[in-house]
Amino acid sequence: MSGLGLVAKGSAYAAVRSLTGQPPLDASIEIDFEHPEGTVDDGIYGQFIEHLGRAINGGIFDEGSPLSDTAGIRQDVLQKVQGLQPSILRYPGGTFTKIYHWMDGIGPRHERRSRPNLIWGGVEDNHFGTDEAIAYARLLKADAYFAVNMGSGTAEEAGNWVEYCNGTQDTYYANLRRKNGHADPFKVKYWGIGNEEAAGPDIGRLQDVKEFVKEAWLYTKAIKLQDREAKLILCGADDAWNDYVLKEMGPVCDYISMHHYVSSDKQKPASLFPQVDSMEQLILTLKGKIQTHTQEKVTDFSKWFRFPPRNNAVKISIDELGIWEPGGSGAYELEEYYTWDHALGTATFYNIMIRQSAVVGMATWAQTVNVLAPIMTSKTASICQTIYYPMQFYRQHAGNVSLKTAVNTPNLQVPGSKDAKALDIAVTRHDSDGSLVVFGVNRHPALAVKTDLRSIDAKKYKPVAVFELNATAIDAMNTLSHPDKNVVTSTEKKLSGALNDYTFPAHSITAIKYRYIGK
Ligand code: AHR
């Protein structure tokens, strides 16, 4: 169980619940229909699995379990992960990449090498490796994103992995893949060069950005010479690190990574939200650095690299995004239960990524199962946590164009918490049919927010439906002790007629859909 401390937090929530019965707060929104912010990249709906605790072994993969198929894939878990329709699957870490040798995890399972998991503890039998990760990504219809070992590994080893996965010629590693039963290349699209390489205490050996860049160039060459189409994610860190990486590696940097974890103060309701909101400023700062240090189109790249530079502008990959409260259970206390306020924070994350879609190109939630995760398992059951539902909601409802929106919203003014806005809004349009979706996250634990919507031209947009996620209480959560009980409610209300305003209920996640009827 997480140390979220329902009892402690419950008493704080009791104070805000006493606000119920007061009139709604007032807000308004203004949408700029003429200057879209950008294309919402499908990549933001990614997931991340690592050889860490029960994320893979005992999570998505459980050989011999009656709930698994003959390949060891937990079918109940698979169904839930599929429900998220992830666009990308990041693997095998995380910090674990720094000790991972991909050749340990290929070929007949009984011949694979067991090793101590020096990063997260326990023994890694490597029964789930490259071939299994690809098979899993295919079951999810997701693109694979592999991160390479810059700790105990080498650039050559990384290049060999690319050849194994994507090689098409009559060569050693490509033939090894064929021998292992995979005639067609895996076409792994994304390759992460390093993970949190600035970190000191773990086994990473680079830490200094100059060291990183020197080494990352070698990895870049080893990977791109094997597959010129490979999209590279270079490891980011603080401002000075990012400056240097972008300056030195801009021409080959498809993405620069950002990791963002948040937590709350269990005594203070709503203390999560300022931390969630801080991601937007971090994105804007990194966006500024990308604009300062890199060209949108690379114009001067030597042919002697023997592979092309990146094709598109540099984007941000938020390849670890999550909620990390202290005091969970399991390996490094990373197994957490999430309450409904965490779901509101999760929805806000997606609003932020939609708003900043001009520069956010992908995000992989850290992590998918059991570790800081939307899905939890026991040997006999699995559940979807509260945070699962907003992930699914945005994937289902968001359009592919982000529209700039100004919101006039009151603050939460919850006693004891740093202040944050009550209502968080993002607006998307579907290019295919012009339809509009207004996402509203009312983070107030007790009060509704009434929002003026008259800036949406009724001659062009007809409101057709409201979808809402909510929960019995802001501190409600799903648990494995009651796997059949779901505290999350999902409702759909058809609309007809005008919608001058909308009242977002307390602690709700809402999508208002409009059909385009203009010319
Ligand atoms: O997601 C858990 C860990 O958090 C990852 O292994 C690491 O990259 C990050 O610090």
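Going along each chain's sequence as written, the residues are numbered from 1 onward. Selection of residues for local features in this predicted model requires a pLDDT of at least 70, selection of side-chain atom pairs for listing and counting requires 80 or more, and totals for whole chains, interfaces and linings are taken over all residues. Each side-chain value is worked out from all heavy atoms of the structure, with water and hydrogens disregarded.

The name given to the protein in an unreviewed UniProt entry is non-reducing end alpha-L-arabinofuranosidase, with the source organism recorded as Chitinophaga rhizophila. UniProt positions are given in the numbering used here, feature names are shortened, and annotations may be inferred rather than shown by experiment. Taken verbatim from the UniProt record of the protein, the Sequence similarities (unreviewed entry) comment is "Belongs to the glycosyl hydrolase 51 family." Database annotation for the protein, UniProt heading Subunit (unreviewed entry): "Homohexamer; trimer of dimers."

## Here's the deal with the overall build of the protein
Strands are runs of DSSP state E lasting at least two residues, helices are runs of H or I lasting at least four, and both sets are numbered from the N terminus onward. In terms of helices and strands, the protein carries 10 helices and 22 strands. All radius of gyration figures rest on C-alpha atoms, and the globule criterion is 2.2 Å times the number of residues raised to 0.38. For 519 residues, the compact-globule formula gives about 24 Å, and the C-alpha radius of gyration of the protein, at 23 Å, lands near that figure. Principal-axis analysis of the C-alpha atoms places the extent of the protein at approximately 70 × 55 × 40 Å. For every residue, the accessible area obtained with a 1.4 Å probe (protein chains only) is divided by the maximum for its type, and the residue is called buried under 20%, exposed over 50%, and partly exposed between those limits. Across the 519 residues in the protein, those meeting the buried criterion constitute 60%. Taking the contacts inside the protein whose residues are at least 6 apart along the sequence as the reference set, 76% of them involve residues at least 24 apart. When the accessible area of the protein is evaluated, it comes to approximately 20,600 Å², of which 51% is carbon and sulfur surface. Residue contacts are counted whenever heavy atoms from the two residues lie within 4.5 Å of one another. Areas reported here follow the Shrake-Rupley algorithm with a probe of radius 1.4 Å; residue values treat only the protein chains shown as occluding.

## Re the environment of Val-449
Relative to the elements of secondary structure, Val-449 occurs in strand β18 (residues 449-452). Val-449 sits in the buried class, given a relative accessible area of 0%. Residues Val-449 and Leu-218 lie 231 residues apart in sequence; the distance between their C-alpha atoms is 54 Å. In this structure, Val-449 is in contact with Pro-24, Leu-25, Ala-27, Ala-422, Leu-423, Asn-442, Tyr-502, Thr-503 and Phe-504, ignoring residues within four places of it in sequence.

## Notes on the sheet that holds strand β7 (residues 143-148)
With respect to topology, eight strands assemble into a closed barrel ordered β3-β4-β7-β8-β9-β10-β11-β12, the strand pairing being parallel. For this sheet, the mean angle separating the axes of adjacent strands, direction not counted, is 30°. Between any two strands, pairing holds if DSSP finds at least two bridges. In the sheet, strand β10 (residues 255-262) pairs with strand β11 (residues 315-323) via seven bridges, with the strands oriented parallel. Bridge pairing links Tyr-261 to Gly-322 in β11. The angle between two axes is taken between their N-to-C directions and runs from 0 to 180 degrees, where each axis is a line fitted to C-alpha atoms and a helix contributes only its stretch in contact.

## Here we look at the environment of Gln-22
Its place among the elements puts Gln-22 in the loop between α1 (6-17) and β1 (25-32). On the basis of relative accessible area, Gln-22 is assigned to the partly exposed category, the value being 43%. Placed 425 residues apart in sequence, Gln-22 and Leu-447 show a C-alpha to C-alpha distance of 7.0 Å.

## Some thoughts on the site of the ligand
Throughout, near means a residue has at least one heavy atom within 4 Å of the molecule or strand. In the region of the ligand, the neighbouring residues are Phe-48, Glu-50, Leu-52, Gly-94, Thr-95, Trp-120, Asn-195, Glu-196, Tyr-261, Glu-320, Trp-324 and Gln-367. We define a polar contact as two N or O atoms separated by no more than 3.5 Å, with the added condition that, inside protein, one atom must be a possible hydrogen donor and the other a possible acceptor, whereas residues neighbouring each other in sequence contribute only through side-chain atom pairs. Separating an oxygen atom of the ligand from a side-chain N or O atom of Glu-196 is a distance of 2.8 Å. A distance of 2.7 Å separates an oxygen atom of the ligand from a polar side-chain atom of Glu-320. Burial of the ligand by the surrounding chains reaches 93%, relative to a free accessible area of 280 Å². When residues are grouped by polarity, Ala, Val, Leu, Ile, Met, Phe, Trp, Tyr, Cys and Pro land in nonpolar, Asp, Glu, Lys and Arg in charged, and all others, Gly among them, in polar. In terms of residue class, the shell around the ligand is built from five nonpolar, four polar and three charged.

## Considerations on the packing of aromatic side chains
We call Phe, Tyr and Trp rings a pair once their centres come within 6.5 Å, taking the six-membered ring for Trp, and we label the pair stacked below 30 degrees between planes, edge-to-face above 60, and tilted otherwise. For the coordinates displayed, the defined rule picks out 33 aromatic pairs. When the centroid spacing of 5.1 Å and the interplanar angle of 35° are considered together, the rings of Phe-212 and Trp-241 count as tilted. One end of the pair, Phe-212, is in helix α6 (residues 209-226); the other, Trp-241, is in helix α7 (residues 239-249), with 29 residues separating them in the sequence. Given the relative accessible area of 0%, Phe-212 is considered buried. Under the relative-accessibility criterion, Trp-241 is labelled buried at 4%. Taken together, a centroid distance of 5.4 Å and an interplanar angle of 15° make the contact between Trp-217 and Phe-305 stacked. Taken as a pair, Trp-217 in helix α6 and Phe-305 in the loop between α8 (272-293) and β11 lie far apart in primary sequence, 88 residues in all. Relative accessible area serves as the criterion here: at 16%, Trp-217 is assigned to the buried category. Take Phe-305: its relative accessible area is 24%, and that puts it in the partly exposed class. For a ring to carry a charge above it, either NZ of a lysine or CZ of an arginine must fall within 6 Å of the ring centroid while also lying within 35 degrees of the normal to the ring plane. The positively charged end of Arg-90 is found above the aromatic ring belonging to Phe-48, 4.5 Å away from the centroid.

## With respect to helix α2 (residues 75-83)
Residues Asp-76, Val-77, Leu-78, Lys-80, Val-81 and Gly-83 constitute the buried set of α2. On the buried face of α2, the contacting elements are α3 (130-140), β13 (375-377), β14 (382-384) and α10 (388-397). Two residues or fewer after α2 comes Gln-85, characterised by a positive phi angle close to 45°.

## A word on the packing of α7 against α8
Two elements in contact, α7 and α8, have axes separated by 9 Å at closest approach and are oriented at 30°. With respect to α8, the element α7 is oriented roughly parallel. As for how α7 packs across α8, the hand of that crossing is right-handed. Packed against α7, whose contacting residues are Asp-239, Asn-242, Asp-243, Leu-246 and Lys-247, the element α8 presents Thr-285, Leu-286, Lys-289, Ile-290 and His-293 at the interface. Looking at the contact of α7 with α8 residue by residue, the class counts come to three nonpolar, three polar and four charged. Every angle not falling under 35 degrees, over 145, or within 65 to 115 is termed oblique; those three ranges are roughly parallel, roughly antiparallel and roughly perpendicular. Handedness of a crossing follows from how the near helix is turned relative to the far one, being left-handed for an anticlockwise turn of less than a right angle and right-handed for a clockwise one.

## Here we look at the domain arrangement of the protein
Interfaces are frequently sized by the accessible area removed from exposure as the parts join. Domain borders in the structure are assigned automatically or taken from a domain database. The domains assigned to the protein are domain 1 (7-37 + 402-516) and domain 2 (41-399). Contacts between the two partners involve 49 residues from domain 1, matched on the other side by 42 residues from domain 2. The term buried area refers to how much accessible surface (probe radius 1.4 Å) is lost by two components on association, counted for both of them together. Surface buried jointly by domain 1 and domain 2 totals about 3,800 Å² across both partners, of which 66% is contributed by carbon and sulfur atoms. By convention in these notes, a salt bridge is any Lys or Arg side-chain nitrogen within 4 Å of a carboxyl oxygen on Asp or Glu. Inspection of the domain 1/domain 2 interface yields three salt bridges.

## A short note on the side chain of Ser-508
Along the chain, Ser-508 turns up in strand β22 (residues 508-516). Within the local environment of Ser-508, its side chain forms a polar contact with the backbone oxygen of Pro-505, the two atoms lying 2.7 Å apart. Apart from the residues within four sequence positions on either side, Ser-508 is in contact with Leu-344, Gly-440, Val-441, Asn-442, Glu-468, Leu-469 and Asn-470.

## Describing the nonpolar core
With 154 residues, the main nonpolar core has Phe-128, Tyr-136, Phe-146, Trp-191, Ile-318, Tyr-394 and Ile-512 as its most contacted residues. The biggest single contributor to this core is helix α9 (residues 340-355), with nine residues. Counting residues domain by domain, this core receives three or more from each of domain 1 (7-37 + 402-516) and domain 2 (41-399). Among residues more than four places away in sequence, those in contact with Trp-191 are Tyr-145, Phe-146, Val-148, Trp-161, Val-162, Cys-165, Asn-166, Ile-223, Ala-230, Lys-231, Leu-232 and Ile-233. Here, nonpolar core means buried Ala, Val, Leu, Ile, Met, Phe, Trp, Tyr and Cys residues that are tied together by side-chain atoms lying within 4.5 Å of each other.

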